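Residue-level structure breakdown
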Amino acid sequence: MANALEGRVVLVTGANSGIGEAIAKALQQEGATVFGLGRRPDVLEAARARHPGIRWLRADVAKSKDVSAAVESIVRETGRLDVVVNNAGMFQFAPLEGSTEEMIRRHFEANVYGTTFVTQAALPALRASRGAIINLSSAAGHKPVPGGSIYASTKAAVESLTRSWALELAPAGIRVNAIAPGPVDTPGFDKSEVPAADLPKVKESFREQVPLGRMGTSEEVARWVVALADPGATWVTGQVLSVDGGMSLT
Amino acid sequence: MNKLNGKVAVITGGSSGIGLATAKRFVEEGAYAFITGRRAGELENAKRDIGRNVTVVQGDVANLDDLDRLYKTVKAERGGVDIIVANAGVVETVTLAQATPEHFDKTFGINARGTFFTVQKALPVLRNSGSIVLVASCVANMGIPMYTTYGATKAAMRSFARSWAAENSRTAACA
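Residues numbered from 1 in each chain as written. Chains lettered and ligands numbered in written order. Predicted model: local features only at pLDDT ≥ 70, side-chain atom pairs only at ≥ 80, totals over all residues. Heavy atoms only, no water.

1. With respect to the overall build of chain B
Counting secondary structure elements, chain B contains 5 helices and 6 strands. N-terminal to C-terminal, the α/β element order of chain B is β-α-β-α-β-α-β-α-β-α-β. A compact globule built from 175 residues would reach a C-alpha radius of gyration of about 16 Å, and chain B, at 16 Å, matches this within 12%. Taken along its principal axes, the extent of the C-alpha atoms in chain B is 50 × 40 × 30 Å. (Helix = DSSP H or I, 4+ residues; strand = E, 2+ residues; numbered from the N terminus. Rg over C-alpha atoms; globule rule 2.2 N^0.38 Å.)

Here is the structure:
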């Protein structure tokens, strides 16, 4: 599969850290021209320093104007867009009583509106390239999460969007799939509003919930995004692939 | 093209269709393949087609003695196996009203029971970090007239994959 994406242009949202960064790197290694989208300027600049080969754009996926401007600049520069990876998102664990209106809005804006705005903006270019869309769901998208109901419901929405868009865009030859990772050890995970003192305990409980006995790495998720982005994966659409060490089976 | 260098794979139903395409690709990727099938003539054609790094073992996955002989051959020739692709299967399209007990037993015997014992009997020779792939069908999740028995066997295979993955290791069902 080396250089499977030579000559292709790819957009990865939330590419400046964690799973998104690993995805951007893996797609670049396959020969793609990768555009990384990030919201926070300082984190974006740090990512630019780490990966000078990736083109970095600032945008908040929850703002449709930001998103349109970013996608337009990609198409203006390269003349095409082949793959969109909707990775940007947020998670914060909170019991129902502790879920504030603002927190609920932010979850849906980042995870559901953001995924939709980016896909809408990219659609004309994807129609022209008969491209692919890869959404990032989560094991939480199809498994109940006590204490994380808002996050889980946004990911259930992402899985539903994936299936509807797959049928809606199949006549245009556009494939739409999702990856549903289990618990992955990333910087974002460490900042997920779990008190730092509780983190080791939380990570241990995840290890117990995963049949393969450990949390995943960002790279283990990224390789399946590459597989679904591969123009050779021509007969796969509407699927949600669990990359979770078997977690969603139990 | 060497992702599977040094790996040993068993592919049941490997003399035609998806099984043959899988065997060819595995060998291209550096694996050694054992393929099984019920028809000796088709197996020999497949062997010629694949060209190298392949052993054919004639047999029916519904026959437990054939499976024992398969894994005995694998152990004798290669010492063990890394990848099992349980692909052998049959489909006969009949309505519920027309289905005979023979049709039911044959379909479940090959697709469900055959898959079950293909994997169970592989366990003693399956190396660490091995993987098991079951070839199911989209029909596992659908209701299609005349595919009542076939669909039920494929749903059973989908369920096998979930339980076996939870029980020990990497099992995938392709639907």
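2. Re the packing of helix α4 (residues 101-129) of chain A against helix α5 (residues 149-169) of chain A
Residues and elements named next belong to chain A. The N-to-C vectors of α4 and α5 enclose an angle of 20°; their axes lie 9 Å apart at closest approach. With respect to α5, the axis of α4 lies roughly parallel. Here the hand of the crossing between α4 and α5 comes out right-handed. Of the residues in α5, those touching α4 at M103, I104, H107, F108, N111, V112, T115, T116, T119, L123 and R127 are I150, Y151, S153, T154, K155, A157, V158, L161, W165 and L169. (Axes fitted to C-alpha atoms, helices over the stretch in contact; angles between N-to-C directions. Parallel < 35°, antiparallel > 145°, perpendicular 65-115°, else oblique. Left-handed = near helix turned anticlockwise from the far one by under 90°. Contact = heavy atoms within 4.5 Å.)

3. Some details on the pattern of salt bridges
Residues and elements named next belong to chain A. Tallied over the full model, the rule gives 19 salt bridges over all chains. Residues R106 and E102 are paired through a salt bridge, measuring 3.3 Å at the closest nitrogen-oxygen approach. Residue R106 and its partner E102 are both found in helix α4; the two are separated by 4 residues, about one turn of the helix. Note that R207 is salt-bridged to E204, the shortest N-O span being 3.1 Å. Taken as a pair, R207 and E204 lie in helix α7 (residues 199-209) at a separation of 3 residues, close to a single helical turn. According to the relative accessible area criterion, R207 is partly exposed, its value standing at 32%. Taken together, the salt bridges that share partners define one network made up of R8, R80 and D82. (Salt bridge = Lys/Arg side-chain N within 4 Å of Asp/Glu carboxyl O. Buried < 20%, exposed > 50% of the residue type's maximum accessible area, 1.4 Å probe, protein only.)

4. Quick look at the nonpolar core
Residues and elements named next belong to chain A. If you look at the biggest cluster of nonpolar residues, it comprises 29 residues, and the most contacted ones within it are V12, I23, L27, V85, I134 and I179. Elements with a minimum of two residues in this core: β1 (9-13), α1 (18-29), α2 (41-50), β4 (83-86), β5 (132-136) and α8 (218-229). Sequence-distant contacts of I23, defined by excluding residues within four places in its chain, comprise V12, V85, N87, L136, A222 and V225. Counting 28 residues, the second largest nonpolar core, distinct from the first, contains A70, V84, A88 and V112. (Core = buried A, V, L, I, M, F, W, Y, C linked by side-chain atoms within 4.5 Å.)

5. Here's the deal with the sheet that holds strand β7 (residues 240-243) of chain A
All names here are of chain A. Taken in spatial order, the 7 strands make up an open sheet running β3-β2-β1-β4-β5-β6-β7, and their pairing is parallel. Unpaired on one side and paired on the other, β3 (55-58) and β7 mark the two borders of the sheet. Strand-to-strand twist across the sheet, computed as the mean angle between neighbouring axes with direction ignored, equals 20°. Pairing of β1 with strand β2 (residues 33-38) involves 5 bridges; the strand directions are parallel. Bridge assignment links V12 to a residue of β2, and that residue is G36. Against the sheet, α4 engages β1, β4 and β5, with an angle of about 180° to β4. This element, α5, spans β5, β6 (175-181) and β7 of the sheet and lies at about 160° to β6. (Pairing = 2+ DSSP bridges.)

6. Examining unusual backbone geometry
In this structure, N53 of chain B is a non-glycine residue whose phi angle is positive, near 50°. Since its relative accessible area comes to 34%, N53 of chain B is described here as partly exposed.

7. A few points about the packing of helix α1 (residues 17-28) of chain B against helix α2 (residues 40-50) of chain B
All names here are of chain B. Where α1 contacts α2, the axes come no closer than 10 Å and their chain directions differ by 30°. Comparing the axis directions of α1 and α2 gives the class roughly parallel. When you trace α1 past α2, the crossing you get is right-handed. Taken together, the residues of α2 that come into contact with α1 (itself represented by L20, A23, K24 and V27) are A46, D49 and I50. Of the residues in the contact of α1 with α2, the class split is 5 nonpolar, no polar and 2 charged. (Nonpolar A, V, L, I, M, F, W, Y, C, P; charged D, E, K, R; others polar.)

8. A short note on the environment of G148 of chain A
Residues and elements named next belong to chain A. Inspection of the secondary structure assignment puts G148 in the loop between β5 and α5. Here G148 falls in the buried class, since its relative accessible area comes to 2%. Along the backbone, G148 and S164 are 16 residues apart, and their C-alpha atoms lie at a distance of 25 Å. Setting aside residues up to four positions removed in sequence, G148 forms contacts with F93 and A94.

9. A few points about the packing of aromatic side chains
For the structure on display, the rule yields 11 aromatic pairs over all chains. On the basis of an interplanar angle of 15° and a centroid distance of 4.9 Å, the ring pair of F160 of chain B and W164 of chain B is categorised as stacked. Of the two residues, F160 of chain B and W164 of chain B both sit in helix α5 (residues 148-167), 4 residues apart, roughly one turn of that helix. Of the two residues, F160 of chain B and W164 of chain B, neither departs from the other in class, the shared state being buried. A network of ring pairs unites the aromatic residues F116, F117, F160 and W164 of chain B as a single cluster. Sitting over the ring of W224 of chain A, R223 of chain A keeps its end group 5.6 Å from the ring centre. A cation over an aromatic ring shows up here: R78 of chain B above the ring of Y32 of chain B, its NZ or CZ 3.7 Å from the ring centre. (Phe/Tyr/Trp six-rings, centres within 6.5 Å; stacked < 30°, edge-to-face > 60°. Lys NZ or Arg CZ within 6 Å of the ring centre and 35° of its normal.)

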